[in-house]
Protein chains: 4
Amino acid sequence: MKIYSQGEPLAPWREKLHEIIFEADTPAGKRFDVLLIVAITLSVIAVMLDSVEVIRFQYGGILDVIEWFFTIMFACEYILRLLSVRNPRLYALSVLGIVDLMSILPSFIALYYVGAETFLVVRVLRVLRIFRVFKLAEYLGEANTLMIALKASQKKITIFLYSIFIFVVVFGSVMYLIEGAENGFTSIPKSVYWAIVTLTTVGYGDMVPQTQIGQMIAATVMILGYAIIAVPTGIYSAELARAVKSEVSNVACQNCSEEGHDVDAEYCKYCGAIL
Amino acid sequence: MKIYSQGEPLAPWREKLHEIIFEADTPAGKRFDVLLIVAITLSVIAVMLDSVEVIRFQYGGILDVIEWFFTIMFACEYILRLLSVRNPRLYALSVLGIVDLMSILPSFIALYYVGAETFLVVRVLRVLRIFRVFKLAEYLGEANTLMIALKASQKKITIFLYSIFIFVVVFGSVMYLIEGAENGFTSIPKSVYWAIVTLTTVGYGDMVPQTQIGQMIAATVMILGYAIIAVPTGIYSAELARAVKSEVSNVACQNCSEEGHDVDAEYCKYCGAIL
Amino acid sequence: MKIYSQGEPLAPWREKLHEIIFEADTPAGKRFDVLLIVAITLSVIAVMLDSVEVIRFQYGGILDVIEWFFTIMFACEYILRLLSVRNPRLYALSVLGIVDLMSILPSFIALYYVGAETFLVVRVLRVLRIFRVFKLAEYLGEANTLMIALKASQKKITIFLYSIFIFVVVFGSVMYLIEGAENGFTSIPKSVYWAIVTLTTVGYGDMVPQTQIGQMIAATVMILGYAIIAVPTGIYSAELARAVKSEVSNVACQNCSEEGHDVDAEYCKYCGAIL
Amino acid sequence: MKIYSQGEPLAPWREKLHEIIFEADTPAGKRFDVLLIVAITLSVIAVMLDSVEVIRFQYGGILDVIEWFFTIMFACEYILRLLSVRNPRLYALSVLGIVDLMSILPSFIALYYVGAETFLVVRVLRVLRIFRVFKLAEYLGEANTLMIALKASQKKITIFLYSIFIFVVVFGSVMYLIEGAENGFTSIPKSVYWAIVTLTTVGYGDMVPQTQIGQMIAATVMILGYAIIAVPTGIYSAELARAVKSEVSNVACQNCSEEGHDVDAEYCKYCGAIL
């Protein structure tokens, strides 16, 4: 198939196809996206139900038909996607392209190797496309605010997660020395796993300290975990409060057309003109 | 019974009845509401106690009497409600109307089908009426602030819950592939259930990862769950802070037109003029 | 003993005693309070250790001596407290007075009824006196800010807890109907207990849903619990932010000597004078 | 080795060594720090893997070689550190110096006493050096903001943790009286441990209340734990919001002297003058 160079326009029918499949700002594009989400959701539910033994036993035949229906439908969609993009190789090697391919392959592989259809669960990853639909709706601004706050707090969260990581390694090792293999702390990695289970307040109970001193250390880890949960919440709250505050300002300067002014600003902070 | 048209006034005695039963701003209406809440609470406690085997064995007779006392009382109330509204069918088909009916029916059904009285627990739903009592009190403003913040954060929470949903489906499926039925992850829906139990830090411990790689993924889910709990908190905090802020200050100084004064302020804090 | 009327001054030695025992703003008063805290802490540790079987077996004799040492010491203190207050009956019937009495009685009762000394654990309640010591230190302002925010958020927290209560009763009842006694949900109160364990993300795992539909409802409760934890945090954060903000202002108006102005205030908000 | 007095300059080669090993603002110093972090991480992973039985059984020889490689490397580094500092004794007795020594000693001790190499896990504490690397990067400002907020909330957190401590002692004692040894609450310290596990919402499930009244008290502890998690979060959020706020704005307009401008602002947003 023809690979288009930078500025060259696509053939009209491919241009049109691209608009429907990849964009979401035309009525046809919106309809396609909504249909796709419904199809993905149904196919994921089918794969999920197929994994439940009693359901597979009773409705296995119908589920097989549904599986092949969606497999063929997604295969067609994959071919159309390849046709409509300017550079098919770029799409085929992108993350979404690989996910799209992986969501149809297992059905075909399962014809030769029994059991491969289990990997159809990767189809659930296609659900990630749903986030594109948010572009359609009035959710755009809201999601944007959430993302701005997440990005702004990224560095602080990184430092926090790094501290947590060192913390669980140190406490996990200490518990390995104190409790030992006879109380279920059979190795340092497993003790670190216990430390994470405890610090995050999940607390499965599959590994619990048995010794007095082990329980004291566990109590310390718990209270610390309970107290430091404040840190990511505090970080995100502060950034979100800032993002929400600046959410209201969507007035662009009439002089330099810069945006992002505070709500109480009377003059453009970039060029000094009256807003 | 007569159905009233839009503007037509109700008969005086039905008007009066409506005021007592449905409104809460007259002394009689307040008394009725408080009495109703007490009756609902007592009947719910009776149903709850009746479900405890040792108590039913010993005090079964008394509890039966109490049950019938409240059933007849609520039946009378239901009839009075039907009488006092302008359009009885509208009330009978409303959510609260259905709950009211369902909270008396099981007692009668149990006369023919033994065991139906268990469904009397739907009576607890009537407790939701208690929120009306808040209208009476000074709690109105406070509850209002909470609701304003909830409504303002609704869209953001929706996006957040949607992301969580995709997240647990993806991670649940991955765990199903890794751990498999031999470690208790018997199906994808059950693995998704595990992912929710873990992400929300509930951590029952009825399903725990056994493999090394499974424990690593579980640890990732936990830390992510621990970190992203910040998101709804941040969302709600930011919105509530905004709602609380506007709870106090809406008087502008007539001299300098600055806002943001405390509710107890008598003079403008920026220019000194009387507010 | 003499009961003093309203305005009448205490005898000088009782006045002095009162100052040492009840107040904390003289050097002698501070020393007494610190000593008392140390004594309470040590006696509580002794009672705690005495409850550990292996320690009681080995050091039972020493712990008995310590117990009686503190019992006699606290008995003397109790008598001195009775002596130093204006109205002994008022103190004896106050909460702190009853706690003080209850923390010495079990030792004496145990002379006649073996086992009563277990009730010495009520001594731990005396540790609550430690909060008085905070009065001494620079922690006063900080604790004050925390309390102001708690008081300001009290009504909102009440509404929140009430909603939670209705929520767990409704969901607990639903789970009782769905799971039933054969899966461990033996009664509605026990199912409500399960709902609380799940909603608060504690998740012991002693009661877990077994049916498919039960697990779906449980997942809903968890995600709701995970999402609504934002509410009390948001409430308290908003109020604390307000309290912290007003924390900085400790300038009193030179005209009307009112306090509590904002940091950016230039004029007194009560009388309009320049700050 | 020569001990230098206060003002006296170090020998040039020791000055140079100090710059590389202890500072991180020269290219050589940065390279050394990054290399050290990598070496520490690898050696910690080796110690962690060595604790897993199946891995030690299969790759024990290779892991021994790696262990000795890092031990000798860290020993050399330790000697160089001693050489490069002005006062070696001060370094040797500092916390980091002791950790550095303790991370090489176990290997040598294990030559005489089998099993001592387990203590090599103290090497993980060296990972704490990683925080120095943050100095290098743009993370400095962010980490600084986090620390400022932590310091500012220290007193409030102290009061909070103290209250929690009294709370768990009181509730643990009450549960010891109610549940008793037959339900697993064998001693007060163990019951306090249970109270911590419950309050922090960890909920292992190794100790659970069995009696009706015990479950009611447990439910109270849970709801309280769920509600008061708001307190540290609120504290930290409020302080962080303050710290984040001051992160951006410390330039005052030279015309109207208003503050609070964004970092990227070039003109005053209140009067339009150049900042």
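This structure is a prediction, so every number in the text was calculated from the model and none was measured.

1. Comments concerning the interface of chain B and chain A
The partner chain A presents 46 residues to the 44 residues of chain B that form the contact. Summed over both partners, the interface of chain B with chain A comes to about 4,000 Å²; 77% of that surface belongs to carbon and sulfur atoms. It is B:Lys156, B:Ile159 and B:Tyr226 that lose the most area in chain B upon contact with chain A, and together they represent 18% of the buried surface on that side. Taken together, the links from chain B to chain A amount to zero salt bridges. There are three residue pairs in polar contact (both at pLDDT 80 or more) connecting chain B and chain A. Sorting the residues of the side of chain B that touches chain A by element identifies helix 8 (139-179), helix 9 (188-199), helix 10 (212-228) and helix 11 (230-248) of chain B as the ones contributing at least two each. If one sorts the elements of the side of chain B that touches chain A by residue count, helix 8 of chain B sits on top with twelve residues.

2. A look at the packing of aromatic side chains
All names here are of chain C. Applying the stated criterion to the full structure yields 24 aromatic pairs over all chains. Seen in terms of ring centroids, Phe 185 and Trp 194 are 5.4 Å apart; in terms of plane orientation they differ by 70°. Their pairing is edge-to-face. Owing to a relative accessible area of 1%, Trp 194 belongs among the buried residues under this scheme.

3. Quick look at helix 2 (residues 27-50) of chain A
If you check helix 2 of chain A, its first and last C-alpha atoms are 35 Å apart, about what 24 residues at 1.5 Å a residue would give, namely 34 Å. Looking at helix 2 of chain A, one finds that the buried residues are A:Gly29, A:Asp33, A:Leu36, A:Ile37, A:Ala39, A:Ile40, A:Ser43, A:Val44, A:Ala46, A:Val47, A:Met48 and A:Asp50.

4. Topic: the packing of helix 1 (residues 12-22) of chain D against helix 2 (residues 27-50) of chain D
Residue and element names in this part refer to chain D. Viewed as axis vectors pointing N to C, helix 1 and helix 2 meet at an angle of 50°, and their least axial separation amounts to 7 Å. The orientation of helix 1 with respect to helix 2, classified from their angle, is oblique. Facing Glu 19, Ile 20 and Ile 21 of helix 1, the residues of helix 2 in contact are Ala 28, Gly 29, Phe 32 and Asp 33.

5. A word on unusual backbone geometry
All names here are of chain A. Here Thr 201, not a glycine, exhibits a phi torsion of approximately 60°, which is positive. Topologically, Thr 201 is positioned in the loop between helix 9 (188-199) and helix 10 (212-228). Taking the relative accessible area as the measure of exposure, Thr 201 reaches 6% and is therefore buried.

6. Things to note about the relation of the copies chain B and chain A
Turning chain B through 90° and shifting it by 0.0 Å along the axis lays it on chain A, with an RMSD of 0.1 Å. Both copies of the chain, as the preceding transformation shows, are related through a four-fold rotation axis. Little of the interface of chain B is mirrored in chain A: 16% of its interface residues are interface residues there too.

7. Regarding the side chain of A:Ser187
Secondary-structure assignment places A:Ser187 in the loop between helix 8 (139-179) and helix 9. The contact partners of A:Ser187, leaving out residues within four places of it in the chain, are A:Tyr176, D:Ser51 and D:Val52.

Calculation criteria
- Every residue gets a number counted from 1 within its own chain, in the order that chain's sequence is written.
- Think of it this way: whatever chain is written first is A, whatever ligand is written first is 1, and the rest follow in order.
- Confidence filtering applies because this is a predicted model: local features only for residues at pLDDT of at least 70, side-chain atom pairs given and counted only at 80 or more, and all residues used for totals across whole chains, interfaces and linings.
- The basis for every side-chain value is the complete set of non-hydrogen atoms in the structure, without hydrogens or water.
- The contact definition used throughout considers only heavy atoms, calling two residues in contact when any of these lie within 4.5 Å.
- Joining two parts hides part of their accessible area as seen by a 1.4 Å probe, and the buried area is that hidden amount summed over both.
- The rule for a salt bridge is simple: a side-chain nitrogen of Lys or Arg has to be within 4 Å of a carboxyl oxygen of Asp or Glu.
- Pairs of N or O atoms are called polar contacts if they sit within 3.5 Å, as long as, within protein, a hydrogen donor faces a hydrogen acceptor (for residues adjacent in sequence, only side-chain-to-side-chain pairs).
- Only runs of H or I of at least four residues qualify as helices and only runs of E of at least two qualify as strands under DSSP, and these elements are numbered from the N terminus.
- Any two rings among Phe, Tyr and Trp, with Trp reduced to its six-membered ring, count as a pair given centres within 6.5 Å; such a pair is stacked if its planes are under 30 degrees apart, edge-to-face if over 60, and tilted if neither.
- Think of it in three bands: with a 1.4 Å probe and only protein chains considered, a residue is buried below 20% of the maximum accessible area for its type, exposed above 50%, and partly exposed in between.
- Every helix has an expected span of 1.5 Å times one less than the residues it contains.
- Whenever a helix is involved, its axis is fitted only over the stretch in contact; in every case the axis is a line through C-alpha atoms, and angles between N-to-C directions fall within 0 to 180 degrees.
- Under this scheme an angle from 65 to 115 degrees is roughly perpendicular, one under 35 degrees roughly parallel, and one over 145 degrees roughly antiparallel; angles in between are oblique.
- Here the copies are matched by least squares. The fit uses the C-alpha atoms of residues with pLDDT of at least 70 in both.

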